[in-house]
Amino acid sequence: LSEMEEIIQFKQSLSSSSSKDQDILRKKTIIQLWENRLNGCQRNVDVWERILSVRSLVLSPKDDPSMWLQYANLCRSSNAIQESRKAIITLLGKDYFKGKSSRRLPNHSSPLI
């Protein structure tokens, strides 16, 4: 709820006659605040997905790639591979994996020769 209020304030400040430097400073401040808040959140894919979707009202993935990379890593480690892939594609802006071979790596339990 506090993030929604921050989003409203941020959007209103952008529509006012503020300078570009002030807008950049506000954006950096909100990114730092949200990054700290996200690092204190439960490391759960569903929780992070909801938080990032709300934040995307103001910040594109390219504005804060660190959060999106952390989310992609969380998805991967939680075995949510498709969500991880979508996060990376969203961040890159293009699907560089499309049409590529999906060769599987050997399991750790497979004997190495």
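Residues numbered from 1 in each chain as written. Predicted model: local features only at pLDDT ≥ 70, side-chain atom pairs only at ≥ 80, totals over all residues. Heavy atoms only, no water.

As a further point, take the overall build of the protein chain. Helix and strand content of the protein chain: five helices and zero strands. When the helices and strands of the protein chain are read in sequence order from the N terminus, they spell out α-α-α-α-α. A burial count over the protein chain gives 28% of its 113 residues as buried. Taking the intrachain contacts of the protein chain between residues at least 6 apart in sequence as the baseline, contacts between residues at least 24 apart amount to 49%. Only carbon and sulfur atoms are counted for the fraction: they give 53% of the accessible area of the protein chain, which is about 8,400 Å². (Helix = DSSP H or I, 4+ residues; strand = E, 2+ residues; numbered from the N terminus. Buried < 20%, exposed > 50% of the residue type's maximum accessible area, 1.4 Å probe, protein only. Contact = heavy atoms within 4.5 Å. Areas by Shrake-Rupley, 256 points an atom, 1.4 Å probe, with all protein chains shown as cover.)

The subject of this paragraph is the packing of helix H2 (residues 20-39) against helix H4 (residues 65-77). Contact geometry of H2 with H4 gives a least axis separation of 10 Å together with a crossing angle of 20 degrees. Put simply, H2 runs roughly parallel to H4. Seen from above, H2 lies across H4 with left-handed handedness. Residues Trp34, Glu35, Leu38 and Asn39 of H2 lie in contact with H4, whose contacting residues are Ser66, Met67 and Gln70. (Axes fitted to C-alpha atoms, helices over the stretch in contact; angles between N-to-C directions. Parallel < 35°, antiparallel > 145°, perpendicular 65-115°, else oblique. Left-handed = near helix turned anticlockwise from the far one by under 90°.)

Soluble globular proteins tend to bury their nonpolar side chains together. Membership of the largest hydrophobic core comes to 21 residues, with the highest contact counts inside it found for Trp34, Leu38, Leu52, Val58, Leu59, Trp68 and Tyr71. Residue assignment for this core shows that the elements contributing at least two residues are helix H1 (2-15), H2, helix H3 (45-55), H4 and helix H5 (81-92). Counting residues per element, this core draws most heavily on H4, at six residues. Every residue in contact with Trp34, bar those within four places of it in the chain, is listed here: Glu3, Glu6, Ile7, Arg55, Val58, Leu59 and Met67. (Core = buried A, V, L, I, M, F, W, Y, C linked by side-chain atoms within 4.5 Å.)

Let us look at H2. For an α-helix, 3.6 residues make a turn, and residues three or four places apart therefore share a direction. Look at H2: 29 Å from first C-alpha to last across 20 residues, which is about the 28 Å you get at 1.5 Å a residue. Inspection of H2 places Asp23, Ile30, Ile31, Trp34, Glu35 and Leu38 among the buried residues, and these make up the whole buried set. An end-on view of H2 places all buried positions within 135 degrees of arc, on one side of the element. Turned more than 90 degrees away from the buried face of H2, the exposed residues are Asp21, Leu25 and Lys28. (Expected span 1.5 Å × (residues − 1). Arc of directions from axis to C-beta.)

Turning to the confidence of the model for the protein chain, a few remarks are in order. Should the pLDDT be low somewhere, the predicted coordinates at that spot are not to be read in detail. Summary statistics for the protein chain give a mean pLDDT of 82 and a share of 83% for residues scoring 70 or more. At the low end of the mean pLDDT range in the protein chain sits H1, at 80; at the high end sits H4, at 94. (pLDDT = per-residue confidence, 0-100.)

Turning our eyes to something else, we now look at a nonpolar patch on the surface. Together, Leu1, Met4 and Leu57 make up an exposed nonpolar region whose accessible area comes to about 340 Å². Within the fold, Leu57 resides in the loop between H3 and H4. (Patch = residues over 30% accessible without salt bridge, like charges linked within 9 Å, V, L, I, M, F, W, Y side chains within 5 Å. Salt bridge = Lys/Arg side-chain N within 4 Å of Asp/Glu carboxyl O.)

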